[in-house]
Each structure stands twice: as C-alpha cells, then as structure tokens.
Amino acid sequence: MPWTGPADPLAAEEAAARAQIEALTREFDEVVAASRQSNADDEHDPEGATIAFERQQVAALLDSARRRLGDVEAALVRRDEGRYGVCETCGRPIAPERLAARPAARTCIVCAR
C-alpha cells in the first residue's frame, strides 16, 4: 500500500542510504588513489592508521550501507505487498515508534530480542 503520511520514512531512509553509499564510494576511491600515489611505508608509521586499515574500514562501512539499502528495498516490497509493519516472526503489528526509529524493521520489539 502506498504511504499516505506527510513524509515517507522509507523514501527518506532509501535516499539517506544511497547518499551514504555514494559518499563512502568516493572516500574508498580516494583512499585507493592515495595509496597508489604514496610509496610510504605506512605499516611502520607510529603516527596513525595504515592506508590498508583505512581502506578496510571504509569498505566495512560501505558493506553496512549496502545492507541498509537492501533492508529498505525489502521494506518497500513488503509495503507494496501490504505486509509492511507486520512482524515477520509473530505476525503482530510492529509498533509505530519502532518503525519511526527503524523504518525497515522486519520484526516487532519483542521478537527482535
């Protein structure tokens, strides 16, 4: 069923996830480019994180953002099918407060424990 409220929280969450993915992709590309331009031995630099660490950290954040987008896209499908806001575990309604905090929630707070 289409969203009828003043603002579509799923659309906002989808836009935020896509923007985060775009920003993290740029950041990842910048870290990779920096590692190509530098021949410094950062593995033994006591001043900070290594380029490899930074690259993996950004990659992990990017994976998380992609999972977030996947969750939102699944919630949009559930909404189109009329199953949005219904717990996938117990079949009871998901509290509006939980959906406000986590628009892509699949389970009610009781089943999420």
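Residues numbered from 1 in each chain as written. Predicted model: local features only at pLDDT ≥ 70, side-chain atom pairs only at ≥ 80, totals over all residues. Heavy atoms only, no water.

Caption draft 1: Region of the structure containing the state of the cysteines. Tallying each qualifying case throughout the model produces 0 disulfides. Take cysteine 108: it sits in no disulfide, and the sulfur closest to it among the cysteines is that of cysteine 111, at 3.7 Å. Note on cysteine 111: relative accessible area 27%, which makes it partly exposed. (Disulfide = S-S within 2.5 Å. Buried < 20%, exposed > 50% of the residue type's maximum accessible area, 1.4 Å probe, protein only.)

Caption draft 2: Structural detail: the packing of helix 1 (residues 9-37) against helix 2 (residues 51-80). One can describe the packing of helix 1 onto helix 2 by two numbers: an axis separation of 9 Å at closest approach and a directional angle of 160°. Of the possible angle classes, the one that applies to helix 1 and helix 2 is roughly antiparallel. The two elements helix 1 and helix 2 cross, and the hand of that crossing is left-handed. Along the lines of polarity and charge, the residues of the contact of helix 1 with helix 2 split into 18 nonpolar, 3 polar and 10 charged. (Axes fitted to C-alpha atoms, helices over the stretch in contact; angles between N-to-C directions. Helix = DSSP H or I, 4+ residues; strand = E, 2+ residues; numbered from the N terminus. Parallel < 35°, antiparallel > 145°, perpendicular 65-115°, else oblique. Left-handed = near helix turned anticlockwise from the far one by under 90°. Nonpolar A, V, L, I, M, F, W, Y, C, P; charged D, E, K, R; others polar.)

Caption draft 3: Local environment of the nonpolar core. Counting residues in hydrophobic clusters, the biggest one holds 11 residues: Leu10, Val72, Ala75, Leu76, Tyr84, Cys87, Ile94, Leu99, Ala104, Ala105 and Cys108. For this core, the element with the most residues is helix 2, which contributes 3 residues. With residues up to four places along the chain from it excluded, the contact list for alanine 105 reads Arg78, Ile94, Arg98 and Leu99. Formed by 7 residues, the second largest nonpolar core is a distinct cluster that contains Ala17, Ile21, Val58 and Leu69. (Core = buried A, V, L, I, M, F, W, Y, C linked by side-chain atoms within 4.5 Å. Contact = heavy atoms within 4.5 Å.)

Caption draft 4: How the structure looks around the side chain of arginine 98. On the secondary structure map, arginine 98 appears in helix 3 (residues 96-101). Within the buried core, arginine 98 has no salt-bridge partner, and the shortest N-O distance to an opposite charge, that of glutamate 97, equals 9.8 Å. Setting aside chain neighbours within four positions, we find arginine 98 in contact with Ala105, Thr107, Cys108, Ile109 and Ala112. (Lys, Arg positive; Asp, Glu negative; His and termini not counted. Salt bridge = Lys/Arg side-chain N within 4 Å of Asp/Glu carboxyl O.)

Caption draft 5: Examining helix 2 more closely. When the terminal C-alpha atoms of helix 2 are compared, their 43 Å separation across 30 residues agrees well with the 44 Å that a helix rising 1.5 Å per residue should span. Those residues of helix 2 not exposed but buried are Val58, Ala59, Leu62, Ala65, Leu69, Val72, Ala75, Leu76, Arg78 and Arg79. Close packing links the buried residues of helix 2 with helix 1. Glycine 82 sits one or two residues past helix 2 and shows a positive phi near 80°. (Expected span 1.5 Å × (residues − 1).)

Caption draft 6: Expanded view of the pattern of salt bridges. Scanning the model with the defined rule gives 8 salt bridges in all. For arginine 18, the salt bridge identified is with glutamate 73, shortest N-O distance 3.0 Å. Residue arginine 18 is found in helix 1, and its partner glutamate 73 is found in helix 2; the two are separated by 55 residues along the sequence. Residue classification places arginine 18 among the partly exposed residues on the basis of a relative accessible area of 41%. We note a salt bridge from glutamate 88 to arginine 106, for which the minimum N-O separation is 3.6 Å. Pair noted here: glutamate 88 is in the loop between helix 2 and helix 3 and arginine 106 is in the loop between helix 3 and helix 4 (109-112), with a separation of 18 residues, a long-range link. Look at glutamate 88 and you get partly exposed, because its relative accessible area is 41%.

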